[in-house]
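Residue strings, one per chain:
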Amino acid sequence: AHSYLGALLARGGNFRYAQEHLESSVGLRPGHVGAADNLYLVHMRLGNTEAAITVAEAGIQNGLEQLIKYPDDQETRTHTALLFARLGRRAEARELLEEARERYPKDGFTNFRVACILTALGDSEDAVTELSAARDRGYFLRGELLGSTDLEILRGLPGFDDLLV
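A quick note: this is a predicted structure, and the numbers were derived from the prediction, not measured. What you see as residue numbers is a count from 1 along each chain, following the sequence as written. Reporting in this predicted model follows two pLDDT cut-offs: at least 70 for local features of residues, and 80 or more for side-chain atom pairs to be given and counted; totals over whole chains, interfaces and linings ignore these cut-offs and use all residues. Computation of side-chain values: all heavy atoms of the structure, hydrogens and water removed.

**A short note on the packing of helix 5 (residues 74–86) against helix 7 (residues 108–121)**
At a closest axis distance of 8 Å, the pairing of helix 5 and helix 7 adopts a crossing angle of 10 degrees. Considering their axes alone, helix 5 and helix 7 lie roughly parallel with respect to each other. Along the contact surface, helix 5 presents Gln74, Glu75, Thr78, His79, Ala81, Leu82 and Ala85, while helix 7 presents Phe109, Thr110, Arg113, Cys116, Ile117, Ala120 and Leu121. Simply put, an axis is a line fit to the C-alpha atoms, just over the touching stretch for a helix, and the angle between two N-to-C directions goes from 0 to 180 degrees. Numbered from the N terminus, helices here are DSSP runs of H or I no shorter than four residues, and strands are runs of E no shorter than two. For classification purposes, angles smaller than 35 degrees are called roughly parallel, those larger than 145 roughly antiparallel, those between 65 and 115 roughly perpendicular, and all remaining angles oblique. What makes two residues a contact is simply this: any of their non-hydrogen atoms within 4.5 Å.

The following block contains the structure:
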């Protein structure tokens, strides 16, 4: 519950309260890498770069451990890849991105998460292509396209506005 509430508060711009909930979530369930990823973003928005990097590194370590135990955990795989990308560790991010594609090549959720990773890596055109594939596979995008800070840099690119229809 802390993870979801923290993510919602962060999306609404309430970073201080989001931080409290996300820190609780990470403390209770360190293997939930999505909470670490969201906490990284909150720390960055609050100007706490050092804390953000610490959270990201711990999230990556927990994510890799989680993937050894549960190799089919796509959410952990994609959040771990996002953390690698956010820290500029492109090769590791790409490795997990490709693994995600190989494991679930026709999954709309995977396409969406890969688009987020590609955006963090600066591959905007490929990210829009992945979002289109996610939509074509039945993943409902509209809310994510309008609310996700991961994707805001894509707004206005060719093909992006078509996804809002």
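Next comes the rest of the write-up.
**With respect to the pattern of salt bridges**
By salt bridge we mean one thing: a side-chain nitrogen of Lys or Arg within 4 Å of a carboxyl oxygen of Asp or Glu. Enumeration over the complete set of coordinates arrives at 12 salt bridges. Note that aspartate 123 is salt-bridged to arginine 94, the shortest N-O span being 1.9 Å. Here the residue aspartate 123 occupies a position in the loop between helix 7 and helix 8 (124–136), and arginine 94 occupies one in helix 6 (residues 90–103), the gap between them amounting to 29 residues. Partly exposed residues are those whose accessible area sits between 20% and 50% of the maximum for their type, while under 20% is buried and over 50% is exposed, using a 1.4 Å probe and protein chains only. Aspartate 123 gets classed as buried once you look at its relative accessible area, which sits at 18%.

**Some remarks on the nonpolar core**
The biggest cluster of nonpolar side chains holds 31 residues, and the ones touching the most others in it are Phe112, Leu131, Leu141, Leu145, Leu151 and Leu154. Where this core is concerned, the elements lending two or more residues are helix 3 (33–45), helix 4 (49–69), helix 5, helix 6, helix 7 and helix 8. With 7 residues, helix 7 is the single largest residue contributor to this core. Take the buried residues of types Ala, Val, Leu, Ile, Met, Phe, Trp, Tyr and Cys, join any two whose side-chain atoms come within 4.5 Å, and each joined set is a nonpolar core. In this structure, Leu22, Ala35, Ala36 and Val42 belong to the second largest nonpolar core, which totals 9 residues.

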